Amino acid sequence: MKIKVNNKETELTQGNNVASLAQQLELPEQGVAIAINNRMIPRSQWAVQEIKEGDSLVIIKAACGG
Amino acid sequence: MEKLIIAGREFDSRLFLGTGKFNSNQQMEEAILASGTEMVTVAMKRIELDDKEDDMLRHIVHPHIQLLPNTSGVRTAEEAVFAAQMAREAFGTNWLKLEIHPDPRYLLPDSTETLKATEELVKLGFVVLPYCQADPTLCKRLEEAGAATVMPLAAPIGTNKGLQTRDFLRIIIEQSNVPVVVDAGIGAPSHAAEAMEMGAAACLVNTAIAVAGNPVEMAIAFKEAVIAGRRAYEAGLGIQADNLVASASSPLTSFLNE
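How each quantity is defined
- Residues numbered from 1 in each chain as written.
- Chains lettered and ligands numbered in written order.
- Predicted model: local features only at pLDDT ≥ 70, side-chain atom pairs only at ≥ 80, totals over all residues.
- Helix = DSSP H or I, 4+ residues; strand = E, 2+ residues; numbered from the N terminus.
- Rg over C-alpha atoms; globule rule 2.2 N^0.38 Å.
- Buried ≥ 20, exposed ≤ 12 C-beta atoms within 10 Å, placed from the backbone.
- Contact = placed C-beta atoms within 7 Å.
- Core = buried A, V, L, I, M, F, W, Y, C linked by C-beta atoms within 7 Å.
- Nonpolar A, V, L, I, M, F, W, Y, C, P; charged D, E, K, R; others polar.
- Pairing = 2+ DSSP bridges.
- Axes fitted to C-alpha atoms, helices over the stretch in contact; angles between N-to-C directions.
- Parallel < 35°, antiparallel > 145°, perpendicular 65-115°, else oblique.
- Left-handed = near helix turned anticlockwise from the far one by under 90°.

Caption draft 1: Focus on the overall build of chain A. A tally of helices and strands in chain A yields one helix and five strands. Helices and strands appear in chain A in the N-to-C order β-β-α-β-β-β. For 66 residues, the compact-globule formula gives about 11 Å, and the C-alpha radius of gyration of chain A, at 12 Å, lands near that figure. In terms of its C-alpha atoms, chain A occupies a principal-axis envelope of roughly 40 × 25 × 20 Å. Going through the 66 residues of chain A one by one, you find that 24% of them count as buried. Nonlocal contacts in chain A, meaning residues at least 24 apart in sequence, comprise 57% of its contacts between residues at least 6 apart.

Set out below in structure tokens:
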């Protein structure tokens, strides 16, 4: 399924939920957050939150800043 | 020295550190530890899918340090609420440095959106520390909205120009019932000491330490300046004369001629 991750076309190759995307992208256990179509998805919901074709996801992590 | 208390948490250090502009994460961590700070800001960015860079988070997570995620990059209250929710999820804290500055040239905070976002974020259970204009009226409004502190600017971010808003900071400190953290523009330890002597609860410093010739030594200098300034405030400064007429500090009896 084709989706967008941080505005980049991405193929979700396994499963159809946020947890499977996190696994595919090898996201760390801590320090990241994911939103689907500008709605934040708590980590506790990753395994049950479906991703649909064409969804736009934002994944953030820590950065240096004041 | 009195402890600083914000939202029920006690802080021994009244120096907060930003994490931008250091040459390396290692240097940043050394400066943080040398400064004695217990509050460190962290920003957010979008991951790159093939990104294998050093994770800065592991350099700032220490048991004595409260992480303070910021909302840098947002332009409206609505975006700030979204960023806050992402930060809470990513970093496991409901503490937030709210900063909304849509103008990239001066990075001055948008007061209307900052107040609106503070109201919404407090309702959502965030501990909100808003970066704001040195506007006494706005700071009272932020306090009434439930802000845990107010963080008025001394000068535009990264300018190192010191307490350009000095007189307004004095009014804010006089009127505030929440801790006043002077944020942005502090460029030298003497600036931080002056803010603390005025009664500021804390100072937030980033650029002045990060771009110093020796950031670790500068972090120590700021630590000492903040302690000195606070100690002086608590000791009670002498009154400054409004003219240059001297007032002798030694007896003026003429022991040589009589």
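Let's pick the thread back up.
Caption draft 2: Layout of the overall build of chain B. Each helix and strand in chain B was counted, giving nine helices and 10 strands. In terms of its C-alpha atoms, chain B occupies a principal-axis envelope of roughly 90 × 40 × 35 Å. Here chain B, with 258 residues, has 48% of them falling under the buried criterion. The long-range fraction of contacts in chain B, counting pairs at least 24 apart against all pairs at least 6 apart in sequence, stands at 63%.

Caption draft 3: Broad picture of the nonpolar core. All names here are of chain B. Core analysis: the biggest nonpolar cluster contains 95 residues, and V181, A195, A200 and C203 have the highest contact counts within it. Per element, the largest residue contribution to this core is nine residues, and it comes from helix α3 (residues 77-91). Sequence-distant contacts of C203, that is, excluding residues within four places in its chain, are made with L15, F16, V181, V182, I186, A192, A195, M196 and V226.

Caption draft 4: Highlighting the interface of chain B and chain A. Facing the 25 residues of chain B at the interface are 21 residues of chain A. Breaking the side of chain B that touches chain A down by element, the ones donating at least two residues are β4 (39-46) and α3 of chain B. Grouping the constituent residues of the side of chain B that touches chain A by class yields 13 nonpolar, eight polar and four charged. Inspection of the sheet shows strand β5 (residues 56-63) of chain A paired to β4 of chain B by four bridges, in the antiparallel sense. Each bridged residue has a counterpart across the sheet, and for A62 of chain A the counterpart in β4 of chain B is M44 of chain B.

Caption draft 5: How the structure looks around the environment of W95 of chain B. Residue and element names in this part refer to chain B. Locating W95 in the fold gives a position in strand β6 (residues 95-98). Through-space distance from the C-alpha of W95 to that of G125 is 9.2 Å; in sequence the pair is 30 residues apart. Once residues lying within four places of it in the same chain are set aside, the contact partners of W95 are Q66, L67, L68 and V127.

Caption draft 6: Geometry of the packing of α3 of chain B against helix α4 (residues 111-123) of chain B. All names here are of chain B. Two elements in contact, α3 and α4, have axes separated by 8 Å at closest approach and are oriented at 40 degrees. By the angle class used here, α3 and α4 are oblique. The hand of the α3/α4 crossing is right-handed. The segment α3 lies against α4, with A77, A80, V81 and A84 engaging E113, K116, A117, E120 and L121. In the contact of α3 with α4, the residues fall into six nonpolar, no polar and three charged.

Caption draft 7: Seen up close, the sheet that holds strand β7 (residues 127-132) of chain B. Residues and elements named next belong to chain B. Reading across from one edge, β6-β7-β8 is the order of the three strands in this open sheet, with parallel pairing throughout. The open sheet has two free edges, formed respectively by β6 and β8 (151-152), since each of these has just one partner strand. Sheet topology places β7 next to β8; two bridges connect them, and they run parallel. The partner of Y131 across the bridge, within β8, is M151.

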